[in-house]
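Summary of structural features
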Amino acid sequence: MNFEKELRVRPGKRVKLSRYDAADTFGYEKGPESKKLVEKAVARLDELQDVFYAENKRAVLIVLQGMDASGKDGTIRHVMSGVNPQGCNVTPFKVPSHTEAQHDYLWRAHLAVPERGQIEIFNRSYYEDVLVVRVHKLVPEEIWKKRFEQINNFEAMLADNNVKILKFFLHISKDEQKRRFAQRLNDPAHQWKLSPADFAERKYWDDYVEAYEAVLTKCNTDIAPWHIVPANHKWFRNLAVSRIIARTVEGFHSKYPKPSFDFSHYKLK
């Protein structure tokens, strides 16, 4: 299956999340075979990253968005498990600090844009400024509505400067979120992930769905398309995301650079 083709949102399409099955696995089944496919994609990405880093011609920006408990942390942990930390970084987008709030909303995002040869993962992103601020009415509608075009221009500028943008919306159902919250409540190893805000935000589920549908529709371009990844099943989420990233980096056809000096004159003693 070509995950990139099947999960990619077609530019110009109006997205209604109710039409997307968060539990879909596209015929794949959980088990040893799907696990091997994930391991193969992770190993291939590790192999590709080495030459991608050495070539130092372009960068990759991976944007992960989704409802609370949709699996952003888990995706990073499993999909990027084999990548050399020297060439990969993760930036979480939490409530802006005082310094960040003193600048325009894209300032902190631009600071974290990857250098050439690097893979950068945004755990949440600048899209929070058309999601949270909309749902909680933190800025006037006339302000956040302008940001769709501003974000598209920002991403176009990055693409023009050899930054490949991969955007993933990890799509889970409201029932699945409830189940995962319940699991965390009963697991001491995961209780720390919960906060009162998590339970409060569930009240705004429908508002967030509406906000995400706008993002997935208005900020979906040929150069920076969204992929809607069914994420009720963690194993399928990992399979889809790992295959798309590996296939994308493979498409660069990166090559190791030539030596910077003529080492034929050097002899080891």
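Please refer to the structure higher up on the page.
The present account deals with the structure reproduced in this document. Everything numeric in this text was worked out from a predicted model, so none of it was measured.

Counting through the fold element by element, Asn-232 comes out in the loop between strand E5 (226-230) and helix H12 (234-250). Excluding anything up to four places from it in sequence, Asn-232 contacts Ala-22, Ala-23, His-171, Ile-172, Ser-173, Glu-176 and Arg-180.

What follows is about the packing of helix H2 (residues 32-55) against H12. Two elements in contact, H2 and H12, have axes separated by 9 Å at closest approach and are oriented at 30°. It follows from the interaxial angle that H2 and H12 lie roughly parallel. For the crossing formed where H2 meets H12, the hand is left-handed. Contacts between H2 and H12 involve Ser-34, Leu-37, Val-38, Ala-41, Arg-44, Leu-45, Leu-48 and Phe-52 from the former and Trp-235, Asn-238, Leu-239, Ser-242, Arg-243, Ile-245, Ala-246, Val-249 and Glu-250 from the latter. Looking at the contact of H2 with H12 residue by residue, the class counts come to 11 nonpolar, three polar and three charged.

The next thing to look at is the packing of helix H3 (residues 72-79) against H12. The N-to-C vectors of H3 and H12 enclose an angle of 60°; their axes lie 10 Å apart at closest approach. Relative to H12, the element H3 is oriented oblique. Pair H3 / H12 crosses with right-handed handedness. In this structure, H3 uses Gly-74, Thr-75, His-78 and Val-79 to contact H12, whose residues at the interface are Arg-237, Asn-238, Val-241, Ser-242 and Ile-245. Its residues assigned to classes, the contact of H3 with H12 comprises three nonpolar, five polar and one charged.

Spanning 12 residues, helix H9 (residues 174-185) covers 17 Å between terminal C-alpha atoms, matching the ideal 16 Å at 1.5 Å per step. Listing the buried residues of H9 in full gives Glu-176, Gln-177, Arg-180, Phe-181 and Arg-184. Projected down its long axis, H9 carries its buried residues within an arc of 140°, all on one side. Opposite the buried face of H9, at more than 90 degrees from it, the exposed residues are Asp-175 and Lys-178. Of the surrounding secondary structure, the elements contacted by the buried residues of H9 are helix H10 (196-201), helix H11 (205-218) and H12.

Each value, and the rule that gives it
- Each chain has its residues counted from 1, following the order in which its sequence is written.
- Reporting of local features is limited, given that this is a predicted model, to residues whose pLDDT is at least 70; pairs of side-chain atoms are given and counted only at 80 or more, and all residues count toward the totals for whole chains, interfaces and linings.
- Hydrogens and water are ignored here; the side-chain numbers use all heavy atoms of the structure.
- Only DSSP runs of H or I covering at least 4 residues are called helices, and only runs of E covering at least 2 are called strands; the numbering of each starts at the N terminus.
- The contact criterion used is simple: two residues touch if any of their non-hydrogen atoms lie within 4.5 Å.
- To define axes, lines are fitted to C-alpha atoms, for helices over the stretch in contact only, and angles between the resulting N-to-C directions are given on a 0 to 180 degree scale.
- Oblique is the label for any angle not covered by the other classes, which are roughly parallel (under 35 degrees), roughly antiparallel (over 145) and roughly perpendicular (65 to 115).
- Helix crossings fall into two classes, left-handed where the near helix is turned counterclockwise from the far one by less than a right angle and right-handed where it is turned clockwise.
- When residues are grouped by polarity, Ala, Val, Leu, Ile, Met, Phe, Trp, Tyr, Cys and Pro land in nonpolar, Asp, Glu, Lys and Arg in charged, and all others, Gly among them, in polar.
- Each helix should span, by expectation, one fewer than its residue count multiplied by 1.5 Å.
- Only protein chains enter the area calculation, which uses a 1.4 Å probe; residues under 20% of their type maximum are buried, those over 50% are exposed, and those in between are partly exposed.
- What the arc describes is the spread of directions from the helix axis to the C-beta atoms.

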